[in-house]
Amino acid sequence: MSTTTKPVNQKAWFLILPVIICVAFSAILPLMTVVNYSVQDIISPERRVFVGTEWFVQIMRDEELHAALLRQITFSLAVLAVEIPLGILLALSMPAQGWKSSAVLVVVALSLLIPWNVVGTIWQIYGRADIGLMGRMLQEAGIEYSYTGNATQAWLTVLLMDVWHWTPLVALLAFAGLRSIPDAYYQAARIDGASKLAVFRYIQLPKMRGVLMIAVLLRFMDSFMIYTEPFVLTGGGPGNATTFLSQYLTTKAVGQFDLGPAAAFSLIYFFIILLLCFILYNWMQRVGTVSDEGAGHA
Amino acid sequence: MHEKRFQKRTLFLFAYLLFAVLPIYWMVNMSFKTNEEILSTFTFFPQHFTWANYKTIFTDESWYSGYINSLIYVSINMVITLTVALPAAYAFSRYSFLGDKHVFFWLLTNRMTPPAVFLLPFFQLYTTVGLMDTHIAVALAHLLFSVPLAVWILEGFMSGIPREIDETAYIDG
């Protein structure tokens, strides 16, 4: 939002009132309910006891939650560690102009268009050792592969699925960043006799910094909330190997009806995301206004 | 040196494209096979090419009621979203008012909230209001994500239109 010459008009509040009411019904009310549940023990609809912070204490000490949180953070970091470099590499190797560029872009963006649960289904079949291409190939190569039986392989499959689904996003963002570099920069670099690596390190990387930061935060937040794909692919199993935070929460709330702890955890989860969102938002505001002052240290 | 580098990149690009396309190819491949073929043999191309699967999903009641449901949700959702988001986007892009940035950010946070967080209260809320298992409930629940996004995108578009055009329009009556 540019803040330049916009007239101050408090009546504008009436224009956004419908949105507020709408979102209030679908966001604030539910959130208040969560807050309500998180401090009460609901024995039956008529009998509820105020328990204060008991649920928070209980959920914070929950071993399963710790495991799920750790798993989640490991997963999100792994997602970043794979997708960001891969996305940059992909953007660098995409042809810059002509029909080839468009064709490659379309193919690369293809996986972004697929609904999440379909992604899960595709990989579920793709990875099956009897009828799936990947599962079969690995089996032929002599690897005992099964995403339903082996915890590590299940985890890796979910990671691979996420890489397949979301690397294009990073690649497209990085590609857009690369396109915005004027040719003059490259010419100057060529005159200076800069190596490919130096061009990447001192021209391309700093120029991509803004979009990459957005990519990092988006990917981190999204992978932090991942639910559908692992749910379809492995259902959180085997054991708890791919039970991430969202799934843990859903099991607790709907599966076991532990409303109190689930609500308490919902709030904690919400605040983590809120914090990330705040950082992202401020970043995007700054990227728009501040030019790349940190050209030397990317 | 330059040539070699270029080839390495092309190679990598093709490797990635292969990786990107293979799962989709496999799905398409299987969609043209009969069930027996999928389960009994392992083939890269359908041996007994068939449209039967597609015929099923477009004629079978249980399948196409799914599309109809989706269409209903989408229409309800779209109508509500646009009616509430348009004025809001206009307000955000044309006027500054007390707390506008905070409201905008708050809308954005809704887009970012883990859906799982809202699962529990939605369930309770809609049961209470008696909306459970209706099309409206799903559409309303989805508003949570579509409205902020719509406001966000529309705001971007409207800010792209220079104010001068508005003013010219006013002058022209």
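This part takes up the pattern of salt bridges. All names here are of chain A. Evaluated as defined, the whole model comprises four salt bridges over all chains. Measuring nitrogen to oxygen at the nearest pair gives 3.6 Å for the salt bridge that ties E140 to R136. Taken together, the residues E140 and R136, both in helix α6 (residues 133-140) and four residues apart, mark about one turn of the helix. Since its relative accessible area comes to 27%, R136 is described here as partly exposed. For the salt bridge of R219 with D222, the shortest nitrogen-to-oxygen distance reads 3.8 Å. Note that R219 and D222 are positioned in helix α9 (residues 196-224) at a spacing of three residues, about one turn of the helix. Several salt bridges share partner residues, and in doing so they unite E83, D162, R219 and D222 into one network.

In this section: a nonpolar patch on the surface. All names here are of chain B. Taken together, the side chains of F58, W63, Y64, Y67 and I68 present a nonpolar region at the surface, about 510 Å² in accessible area. Here I68 is to be found in helix α4 (residues 61-94). Since its relative accessible area comes to 44%, I68 is described here as partly exposed.

Moving on, we get to the confidence of the model for chain A. Of all residues in chain A, 93% have pLDDT values of 70 or greater, and the mean over the chain is 80. Confidence drops under a pLDDT of 50 for residues 290-298 of chain A, and excluding neighbours within four residues, the segment shows ten contacts in the predicted structure.

Moving on, we get to the interface of chain B and chain A. Each side of the interface is counted separately: chain B has 67 residues, and chain A has 77 residues. For the pairing of chain B and chain A, the buried interface totals around 6500 Å² over both sides, and the portion due to carbon and sulfur atoms is 82%. Its largest share of buried area at the contact with chain A, chain B owes to B:Y16, B:M112 and B:L120, together 10% of the area lost on that side. The interface formed by chain B and chain A contains zero salt bridges.

A few words on the side chain of B:N77. Residue position: B:N77 is located in helix α4. Setting aside anything within four residues of it in sequence, one finds B:N77 in contact with B:A139, B:H142, B:L143 and B:S146.

Parameters at a glance
- For every chain, the first residue of the written sequence is number 1, and numbering continues from 1 along that sequence.
- Chains and ligands are labelled sequentially in the order written, the chains with letters from A and the ligands with numbers from 1.
- Local features are withheld for residues below a pLDDT of 70 in this predicted model, meaning they are given only at 70 or higher, and side-chain atom pairs are given and counted only at 80 or more; totals for whole chains, interfaces and linings count all residues.
- The side-chain figures draw on all heavy atoms in the structure; neither hydrogens nor water molecules are used.
- A pairing counts as a salt bridge when a side-chain nitrogen of Lys or Arg comes within 4 Å of a carboxyl oxygen of Asp or Glu.
- Secondary structure follows DSSP: runs of H or I at least 4 residues long count as helices, runs of E at least 2 residues long count as strands, and numbering of each begins at the N terminus.
- Each residue is placed in one exposure class: buried if its accessible area under a 1.4 Å probe, protein chains only, is under 20% of its type's maximum, exposed if it is over 50%, and partly exposed if it falls in between.
- Residues enter a patch when their relative accessible area is above 30% and they make no salt bridge; the linking distance is 9 Å between like charges and 5 Å between nonpolar side chains (Val, Leu, Ile, Met, Phe, Trp, Tyr).
- The accessible surface values rely on the Shrake-Rupley method and a 1.4 Å probe; as for residues, cover is taken only from the protein chains in view.
- pLDDT measures how confident the predictor is about each residue, on a scale from 0 to 100.
- Contacts are assigned to residue pairs with any non-hydrogen atoms lying within 4.5 Å of each other.
- Joining two parts hides part of their accessible area as seen by a 1.4 Å probe, and the buried area is that hidden amount summed over both.

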